[in-house]
Each structure stands twice: as structure tokens, then as C-alpha cells.
Amino acid sequence: MRIGLIDVDGHRWPNLCLMKLSAYHKGRGDTVEWHRESRRYDLVYMSRVFTDSYSKDFTGIIHADRIVRGGTGYGLDNRLPEEVEHTCPDYALYPQFAHTAYGFLSRGCPRGCGFCIVGKKEGLRSVAVADLSEFWRGQKEIKLLDANLLACPDWERLLSQLADSQATVDFTQGLDIRLVTSEKVALLNRVKTKMLHFAWDNPEDDLTPYFRRFAEMTAVKDCRKRRVYVLTNYGSSHEQDLYRIYTLRDMGYDPYVMIYEKATAPPVTRQLQRWVNNKRLFWAIEDFDDYDPDWRKCNAPAAREAGKENSKRRIYDLNNKLQKVLTEIDRTKEKIAVQQTRLRELEQQKTELENVEIVGMVRGLSVAPEELAAFIKAFRGSKAGAPIFMEREGNESDGLEQKME
């Protein structure tokens, strides 16, 4: 079978259902690939996590004998078959996330919050559904998708598996701060944590004592690793939103604003989200009243002028550097020219000295011009031996010495 996959929400986050379906069908010998409009498939899976508020449905062309749509974006009743649910995901489907494992150790949440679909879809009890080995294959990072792991009766066994893995763990969906105990924190402290997520959704619940207690016990002291989701536009006033944000920051947590149904949120709530979630602004501007949502527009002309001035300054600096380099090149050329002149002078002096020495050696000898030329050549580097006239003169001297004896 030829299987086509469509990640309706996009590829910014891996779709766990599609990864499991891909692994399941590949294990059966089927051909699995991302859907292409030009191809025909026996079966196409479309998976969608979000509704229209966050992502739009796929509207492209599909040529397939059968189409299966699944995910919370299409409803709460669809489920993966049990054999697919417990298949290790096909991580090759998203190579950009190759070093990260994704999965659930538990499902369900007892809170039953009105804004949350977990209770309706997974149940109002948190139960263990898998061991870590089911979806972790030694990756350096684990992104845990559990809705309420601390509410699970098997929390100790599951947290121990995370701690023993020595992988960096991101508790992406949030830990229930109200269920924190010293025993659970002690085990959490054994986990190599990348990010802890909590939530303070209901402004009527005073969670301050829980957050303070956890801050005292946890080994995670970096506030950037202690993020807290703050739900807005769900029965809370702007003052209540600000109170939770300021209180969390003062206690050493990093608030992160979530807007329920952004399309209906008032402008001040959207501005609040931009301020809080832009961490550079949030940590630089302590009070929301000092935040100007139009600062980009107001500062645009000045920013453009500043950019022009910076460009001019950079060009000026580059020209100065270039002139320095060119000056240094000219100086080097002058030094080379001086050295070349000196070298020529030394070569000339060497030639003159050789000529003087040659003249001294041949003075008083009766030498033919061609013999003298051969001598000069031998003297200046030839290894051919002494010229003939030198040998002749030597022989005549030896004969003279013998006669005298």
C-alpha cells in the first residue's frame, strides 16, 4: 500500500499520531511518505491537533481511495488502534527533531477544567499508559506530553524512569503545583530538567503558597526553567491577570500568557501577552503601564535614522581600515624595493671581487683567450676541473723542478 500523511497544523511541532502510524505501516511493508497532490494513494491520514482558532484545515487536492481524519482538531472521539498507540514513533519523519523523543507516560487529569479537553478526551483520572522505553531510544532530550503526571498513582515509577535515562526532560504540558510534595520534589530533583511547566489558570485559586514551597525545595533555581502558564480571557479581569504575572515573577518564576479564544480577547489582553511573552521586554520593563505597544511604530523613524547613521559609521570605519591596509602594503613594497636594490649591489660587489681575484691568478701567464674564458667559467662554479693551460703550467713546473734536482 502507498500511504500519504498530512500534518494539518504544519511541521513546527512533530505530530505524534502520524509518527506512530508511519512506523506501524512501515513495519507492515507499506510505502509511507508525506502527501503530494500529484500522487495517488491507497490511504491518506490527516491529523489535526488544533481547531480553526489556531490553524486552518487542509484545502489541497487529495487523490486517495480512502481518507482518515483524526486528532482533537477533528473531534474527541477518534482514537488510534491499540497496536498503533503502542508503536514506537517513526522519528525519521521529522529529521529536524531527530535528537528528541516525544510521548506520554500517563493520560488523563482529575481537574476537569472547563477550558481543557483532556478530561473529556482522556478521562478524569490520571493513569499510566506506557513505560519510557516505548518511545525513548536514547535521544538526548525527552519532551513529555503528560497532562498531569503528578496525579498518576505510578508517579514514582515513571519519574524514576525519567531520572535513570539521564536525558534532558521538558515537562511540556505542566505539572500540577497543588500536588507537589517533598517526596515528589526529591525525585524531580534527580531528573535532568530542561524546563518545568506549571499553570495558574484560575485567578480565584491562591496558588502562592504552593509556588513558594516548591521554590524552596526544587534544585531548579533558574527562573527561565520554571515557566508558568497564565490563562487569560477566561473569566479573569485584567487586574487579576496582572496580579498573577507580578506575583509569579516576584517568586522567581517565568510567567507565560495563554489567551483563551484569542479572537474574542480585548486589545489590552493581547498587549499583555506581547509584553509578557517577549522576554527581553518583560524583564527590561517591570511595569505593564510602562510598556508602549506601539513602540515599534513610534520609534520607526528614529530607528531608520539610527540605522543610516550606523551604516555611515560602519562604512567610515571600513574605509579607515582599508586605508591602513593600503598604507601598510605601500610600506612593505618600499621595503622590498630597498632589499632588492641592496641585493643587486651585493651581486655587483661579488662580481667585482671575483674579477679582481681572477686577474691576480692569471697575471704573468701566457694564456690564449679561449683558455682564459674556460678558466673564468670553471672559477665561477663549473666542476669540470682546472683548465688545460693550468695543467700545462703545472706540468712544466714539475719538469723544471726535476731538472734542477
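Given the structure is predicted, the values throughout are model-derived calculations rather than measurements.

**Student:** Would you mind going over the overall build of the protein chain with me for this structure?
**Tutor:** A tally of regular secondary structure across the protein chain gives 12 helices and 14 strands. Taking all 405 residues of the protein chain together, 36% fall into the buried category. Counting only contacts in the protein chain whose residues sit at least 6 apart along the sequence, the fraction spanning at least 24 positions is 69%. Surface accessibility of the protein chain: about 24500 Å² in total, with carbon and sulfur atoms responsible for 52%.

**Student:** When you look at the sheet that holds strand 7 (residues 100-103) in this model, what are you seeing that I'm missing?
**Tutor:** Read from one edge to the other, the open sheet built from 6 strands follows the order 7-10-11-12-13-14, with strand pairing classed as parallel. At either margin of the open sheet sits one strand with a lone partner, and together these are strand 7 and strand 14 (254-259). With direction set aside, neighbouring strand axes in the sheet form an average angle of 20°. Note that strand 12 (residues 193-199) and strand 13 (residues 226-232) share 4 bridges and pair parallel. Pairing of leucine 196 across the sheet is with arginine 226, part of strand 13.

**Student:** When you look at empty space enclosed by the protein in this model, what are you seeing that I'm missing?
**Tutor:** The gaps left among the atoms become clear once a water-sized probe is rolled over them. Throughout the structure, instances matching the rule amount to 2 cavities of 30 Å³ or more. Of the volumes computed, that of the largest cavity is approximately 80 Å³. As for the largest cavity, its lining consists of Leu16, Lys20, Glu85, His86, Pro89, Tyr102, Gly103, Phe104, Val129, Ala130, Glu134 and Phe135. Grouping the constituent residues of the lining of the largest cavity by class yields 7 nonpolar, 2 polar and 3 charged. Of the voids in this model, the second largest cavity is the one considered here, and its volume is about 40 Å³. Together, Leu144, Asp146, Leu149, Phe171, Thr172, Gln173, Gly174 and Leu175 line the second largest cavity.

**Student:** Just to check I follow, could you spell out the sheet that holds strand 4 (residues 43-47) for this structure?
**Tutor:** Backbone hydrogen bonds hold the strands of a sheet together, and the pairing may be parallel or antiparallel. With respect to topology, 4 strands assemble into an open sheet ordered 2-1-4-6, the strand pairing being parallel. Two strands in the sheet have a free side with no partner beyond their single neighbour: strand 2 (31-34) and strand 6 (67-70). Strand-to-strand twist of the sheet, defined as the mean angle between neighbouring strand axes without regard to direction, takes the value 20°. Bridge count between strand 1 (residues 2-7) and strand 4: 5 bridges; the pairing is parallel. Note that in strand 4 the partner of leucine 5 across the bridge is tyrosine 45. Against the sheet, helix 1 (residues 16-27) engages strand 1, strand 2 and strand 4, with an angle of about 160° to strand 4.

**Student:** Mind showing me how you'd approach the packing of helix 7 (residues 238-250) against helix 8 (residues 267-277) here?
**Tutor:** In a pair of packed helices, the angle between the axes and the distance between the axes together describe the arrangement. One way to put it is that helix 7 packs onto helix 8 with a least axis distance of 11 Å and a crossing angle of 10°. The orientation of helix 7 relative to helix 8 falls into the category roughly parallel. Of the residues in helix 8, those in contact with His238, Asp241, Leu242, Ile245, Tyr246 and Arg249 of helix 7 are Val268, Leu272, Trp275 and Val276. Of the residues in the contact of helix 7 with helix 8, the class split is 7 nonpolar, 1 polar and 2 charged.

**Student:** Looking at this structure, how should I read helix 1?
**Tutor:** Spacing of three or four residues puts side chains on the same side of an α-helix, whose turn is 3.6 residues. Look at helix 1: 17 Å from first C-alpha to last across 12 residues, which is about the 16 Å you get at 1.5 Å a residue. Within the span of helix 1, buried status applies to Leu16, Leu18, Met19, Lys20, Leu21, Ser22 and His25. Its buried side turned inward, helix 1 meets strand 1, strand 2, strand 4, helix 2 (82-85) and strand 7. The backbone nitrogen of cysteine 17 has a side-chain oxygen 3.2 Å away, supplied by the residue at the start of helix 1, namely asparagine 15. Looking one or two residues beyond helix 1, the residue adopting positive phi is glycine 29, at roughly 90°.

**Student:** Got a minute to help me understand the pairing of strand 14 in this structure?
**Tutor:** The side chains of a regular strand alternate, first on one face of the sheet and then on the other. With 6 bridges connecting them, strand 13 and strand 14 associate as parallel partners. Across the sheet, the residue bridging to threonine 232 is isoleucine 259, located in strand 14. Crossover connection from strand 13 via helix 7 to parallel strand 14: handedness right-handed.

**Student:** What should I look at first to understand the side chain of lysine 20 in this one?
**Tutor:** Tracing the backbone through its elements, the reader meets lysine 20 in helix 1. At 2.8 Å, the side chain of lysine 20 forms a polar contact with the backbone oxygen of glutamate 85. The residues touching lysine 20, leaving out its near neighbours within four places in the chain, are Leu80, Val84, Glu85, Thr87, Pro89 and Asp90.

**Student:** Would you take a moment to explain the packing of aromatic side chains for this structure?
**Tutor:** All told, the structure shown has 18 aromatic pairs when counted by the stated rule. Centroid distance tryptophan 275 to phenylalanine 282: 5.1 Å. Interplanar angle 65°. Geometry classified as edge-to-face. Members of the aromatic cluster, joined through ring pairs, are Phe198, Trp200, Phe211, Phe214, Tyr243 and Tyr253. Above the plane of the ring of tyrosine 253 lies arginine 226, whose end atom (NZ or CZ) is 4.6 Å from the centre. Lying over the aromatic face of phenylalanine 282, lysine 279 brings its terminal NZ or CZ to 5.0 Å of the ring centre.

**Student:** Can you walk me through the nonpolar core in this structure?
**Tutor:** Burial of nonpolar side chains together is a common tendency in soluble globular proteins. Counting residues in hydrophobic clusters, the biggest one holds 68 residues, and the most contacted among them are Leu162, Phe171, Phe211 and Trp275. Considering every element that reaches this core, the biggest residue donor is helix 4 (residues 155-165), with 5 residues. One finds Ile6, Val44, Met46 and Ala64 within the second-largest nonpolar core, a separate group that totals 6 residues.

**Student:** Can you walk me through a nonpolar patch on the surface in this structure?
**Tutor:** Residues Leu322, Val325, Leu326 and Ile329 make up a contiguous nonpolar surface patch of about 320 Å² in total accessible area. Here leucine 326 shows up in helix 10 (residues 295-362). Its relative accessible area of 38% is what places leucine 326 among the partly exposed residues.

Parameters at a glance
Every chain is numbered on its own, with residues counted from 1 as its sequence reads. Per-residue local features are limited, in this predicted model, to residues with pLDDT of at least 70; the limit for side-chain atom pairs, both in listing and counting, is 80 or more; totals at the level of whole chains, interfaces and linings are taken over all residues. Only hydrogens and water are set aside when side-chain values are computed; all heavy atoms of the structure are taken into account. Secondary structure elements follow DSSP: runs of H or I of four or more residues count as helices, runs of E of two or more count as strands, with numbering from the N terminus. Think of it in three bands: with a 1.4 Å probe and only protein chains considered, a residue is buried below 20% of the maximum accessible area for its type, exposed above 50%, and partly exposed in between. Contacts between residues were defined by any pair of non-hydrogen atoms, one from each residue, lying within 4.5 Å. Computed by Shrake-Rupley with a 1.4 Å probe, the accessible areas treat only the displayed protein chains as cover when residues are assessed. One bridge is not enough; two strands pair if DSSP finds at least two bridges between them. Axis definition: a line fitted to C-alpha atoms, over the contacting stretch in the case of helices. Angles run 0 to 180 degrees between N-to-C directions. Cavities and pockets are defined on a 1 Å grid built over the protein atoms alone: a cavity is a set of grid points where a 1.4 Å probe fits but cannot escape, while a pocket is an open set with protein on both sides within 12 Å along at least five of seven lines, and lining residues are those with an atom within 4 Å of any such point. Grid points are joined across faces, edges and corners, and a volume is the space filled by probe spheres set on the points. Under the convention adopted here, Pro, Cys and the residues Ala, Val, Leu, Ile, Met, Phe, Trp and Tyr are nonpolar, Asp, Glu, Lys and Arg are charged, and Gly plus all remaining residues are polar. An angle counts as roughly parallel when it lies under 35 degrees, as roughly antiparallel when it exceeds 145, as roughly perpendicular when it falls between 65 and 115, and as oblique in every other case. One fewer than the residue count of a helix, multiplied by 1.5 Å, yields its expected span. Pairs of N or O atoms within 3.5 Å make up the polar contacts considered here, provided that, within protein, one atom can donate a hydrogen while the other can accept it, and that residues adjacent in sequence are counted only when both atoms are side-chain atoms. Call a crossover right-handed when, viewed with both strands pointing away from you, the route from the first strand across the helix to the second goes clockwise. The pairing test for Phe, Tyr and Trp rings, Trp by its six-membered ring, is centres within 6.5 Å, and the orientation test on the planes gives stacked under 30 degrees, edge-to-face over 60, and tilted for anything in between. Note on geometry: a ring has a charge over it if NZ (lysine) or CZ (arginine) is within 6 Å of the ring centre and within 35 degrees of the ring normal. Take the buried residues of types Ala, Val, Leu, Ile, Met, Phe, Trp, Tyr and Cys, join any two whose side-chain atoms come within 4.5 Å, and each joined set is a nonpolar core. To count toward a patch, a residue needs a relative accessible area over 30% and no salt bridge; like charges are then connected within 9 Å, while nonpolar side chains (Val, Leu, Ile, Met, Phe, Trp, Tyr) are connected within 5 Å. Only one rule defines a salt bridge in this text: a Lys or Arg side-chain nitrogen within 4 Å of an Asp or Glu carboxyl oxygen.

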